[in-house]
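# Notes for the structure review
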Amino acid sequence: MTPDELEQIAESEHAEQGKFTQRVNVCVAAGCLSCQSQSLKDSLEQEVSRRGTGDHCQIKGTGCMGLCSEGPLVSTSAGVLYKGATAADSSAILDSLEGAPVERLVCPTDVPFFQRQKKIVLENSGVIDPERVEDYIGAGGYTALIKALTEMSPREVIDEVTRSGLRGRGGAGYPTGLKWSTVAKSVGTQKYVICNADEGDPGAFMDRSVLESDPHRVLEGMLIAGYAVGAAEAYIYVRAEYPLAIKRLRNAIRQAERIGLLGSNICGTRFSFRIDLRLGAGAFVCGEETALIASVEGKRGTPRPRPPYPAMEGLFGEPTLINNVETYANVAPIIRNGGDWYAQIGTEKSKGTKVFALAGRVENTGLVEVPMGISLREMVFEIGGGIPGGRKFKAVQTGGPSGGCLPSDCLDMPVDYESLAKAGSIMGSGGMIVMDESSCMVDVARYFMDFCMTESCGKCIPCRVGTYQMHRILSSVAAMTATPEDLKVLAELCDLLKHTSLCGLGQSAPNPVLSTLRSFGEEYRAHVEDHKCPAGVCTEQPVGEPA
Amino acid sequence: MASYVAKPVPPNQDKRWKLVDATIRRQGQQARGLIETLHTVQEAFGYLDEQALRYVATSLRVPLSRAYGVATFYHFFTLKPAGEHTCVICMGTACYIKGAPQLLDAVQRDLGIRPGETTPDKKVSLLTARCLGSCGLAPAVVYDQEVAGKVSTAAVREHLKKWTHA
């Protein structure tokens, strides 16, 4: 593959696409597929072949269009977005390509949910066919890789990423450029690149959507990273629970190998790179980098103390670069448009955009990409469209089991790494769950503690025993049998876990408890002192031992 | 040294062991291929039993304890055969606050089993998931690999009735 050949592929793809004057894009990502979008697509195709308009009307399966709650979503070349369409609507949709839109299916796009977004990571989602590399190349794909390989030194690539201010999108926000340069400087016979696609946070589905909608973007980011740090082998550690993402990744890797973008001597340079998949097997702790490495090595996914950091001693004892899916997805646009372009977006310390999975008690649920620094109020009430049923907003939960619940007085806070941490939560990987007054915060804290207790790997005692004890106290609070003394012990345990656990799972397990204790302390007191659950979720009952 | 170790013989004539052998070969018969190999076994046979674990451990030259340790550490692996149908209820945060616990309650009561168990007639297995990533469609339930969104208690009961009375 040479730069000219890539251009040729792009040109022939443009010529191919140019033949079609009409186009219907049907979302075939997991969300819409479970709303029968495949049968809709099949029926559209049948209808096109019945009408004999196949020469100028294209039916294309694409990635996620964002508004997952209204699926299946369909967009047409007439610039109309349809929601909730079924196979029976295919004839009407095809008619509308030349006439008036089908009113009953129209999904308005001039609303904040679509208007307030800024798409970098998701720029191709819902536009290109995720199963065709030609479509990705036609949309400018792999030009960043060619640029890096032919015009830039590895040092320059790292400088560009550093200048962009990109920070790890897995949640902790470690500066990506710094991580890359540490791995680049490390000495080892072989270096590895790993993509963390073990999206374990309940309530987060950004990575799944990116992998299903635009898998080549992640491969391109990993290739550039491999070139920058001097690695020749890479692994994508992806959840076995995401069969569609796995299928599309496998397909994408095969395609990239076929056209010589993966393999030996890529673009006639000395750079060789191979990517292999490793399937996770349902252990939340494997999102932690040292546990993930153990799992790639075929062992139980238990973390180990750091240092040495994976950048020095990682996979098979060699220097290893680990980044999250979304981090890699940001790399190609940064190389294409320059780090300065990226650094203009966002806030002073948090650059660029962030993809959030908006879910819970909110009108519009789905996937959104917004510039860093947007306020929580805009997220919930403008993009999210507010709380359904005229109920009152109570809290928004970010960061999953490692994050916290932010009450209404945090609504005007900007969404960036520092502000969220200051408010007692974390950015996390991007799950954002809105709760209204029907949720009991004690119950929510217990839910997350149950999660951490079950997912604790058992290696260190504070986490193994502490999460169990905290869960027991929270269960007794929910059953209204706790004493004020228990709440004191609970707070002490929070402190203990935070400071003495081995890895991030245990250290951050108290966050949901701490944040709800701080902002919703009166709910805890109502359970303990008045034996009442203000939200009416918990019922007074004798507790058994937690399962 | 490796040449002294005779290649272990599959537990029986089942053709599916060929798939397992292919994965073992692809992983270079190395211990690092343990999880990948267990995935293949589970995909082919539906679950991991003792003879499968013994065979994989011997083939990859790891102690049986390590194979068993890995198989029980990860939730995705199961050591018991599943029922004819499986019903997975998502307990992710979005589903949880949109009523997944009520769904689970209803199913548990109807089937008389707890998550991870199979009905005595081997018709239905009940499982819970940490998060399916279908949060936009909460609460979500997977009926035999098919994800259904915005499921009501009545709908899940109706669906299960079809299975148990079939």
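In what follows, the accompanying structure is described. (Residues numbered from 1 in each chain as written. Chains lettered and ligands numbered in written order. Predicted model: local features only at pLDDT ≥ 70, side-chain atom pairs only at ≥ 80, totals over all residues.)

Turning next to the environment of Leu 502 of chain A. Residues and elements named next belong to chain A. Looking at the secondary structure, you find Leu 502 in the loop between helix H20 (484–500) and helix H21 (504–508). For Leu 502, a count of 22 C-beta atoms within 10 Å gives the class buried. For the pair Leu 502 and Lys 60, spaced 442 residues apart in the sequence, the C-alpha separation amounts to 48 Å. Beyond its immediate sequence surroundings of up to four residues, Leu 502 is in contact with Pro 303, Pro 305, Lys 459, Cys 460 and Cys 463. (Helix = DSSP H or I, 4+ residues; strand = E, 2+ residues; numbered from the N terminus. Buried ≥ 20, exposed ≤ 12 C-beta atoms within 10 Å, placed from the backbone. Contact = placed C-beta atoms within 7 Å.)

Right, let's talk about the interface of chain A and chain B for a bit. The parts lose accessible area when they come together, and the size of an interface is often stated as this lost area. Taken together, the contact between chain A and chain B spans 36 residues of the former and 31 residues of the latter. Of all the secondary structure elements, the ones that give two or more residues to the side of chain A that touches chain B are helix H2 (30–33), strand S9 (353–360) and strand S13 (431–436) of chain A. A per-element tally of the side of chain A that touches chain B places S9 of chain A first, with three residues. For the side of chain A that touches chain B, the per-class residue count stands at 16 nonpolar, 14 polar and six charged. (Nonpolar A, V, L, I, M, F, W, Y, C, P; charged D, E, K, R; others polar.)

All names here are of chain B. If you walk across this open sheet you meet the four strands as S2-S1-S3-S4, and the pairing is mixed. A single partner strand is all that each edge strand has here, and the edge strands are strand S2 (124–129) and strand S4 (146–148). Neighbour-to-neighbour, the strand axes of this sheet turn through a mean angle of 25 degrees, independent of strand direction. Relative to S2, strand S1 (residues 85–90) runs parallel, the two sharing six bridges. For Cys 90, the partnering residue across the bridge sits in S2 and is Ala 129. (Pairing = 2+ DSSP bridges. Axes fitted to C-alpha atoms, helices over the stretch in contact; angles between N-to-C directions.)

Another point: the packing of helix H8 (residues 154–164) of chain A against helix H14 (residues 325–337) of chain A. All names here are of chain A. Relative orientation of the contacting elements H8 and H14 amounts to 100 degrees, with a least axis distance of 10 Å. With respect to their mutual orientation, H8 and H14 come out roughly perpendicular. Residues Val 157, Glu 160, Val 161 and Ser 164 of H8 touch H14, and the partners they reach there are Val 331, Ile 334 and Ile 335. (Parallel < 35°, antiparallel > 145°, perpendicular 65-115°, else oblique.)

Okay, the sheet that holds strand S7 (residues 274–280) of chain A next. The pairing of strands in a sheet comes from backbone hydrogen bonds and takes either a parallel or an antiparallel form. Residue and element names in this part refer to chain A. Taking strand neighbours across the sheet as the criterion, the four strands line up as S7-S6-S5-S8 in an open arrangement whose pairing is parallel. Edge strands, defined here as strands with exactly one partner in the open sheet, are S7 and strand S8 (320–324). The sheet shows a mean angle of 20 degrees between the axes of neighbouring strands, direction not considered. The sheet contact formed by strand S5 (residues 192–197) and S8 spans five bridges and is parallel.

That is the geometry; function is a separate question.
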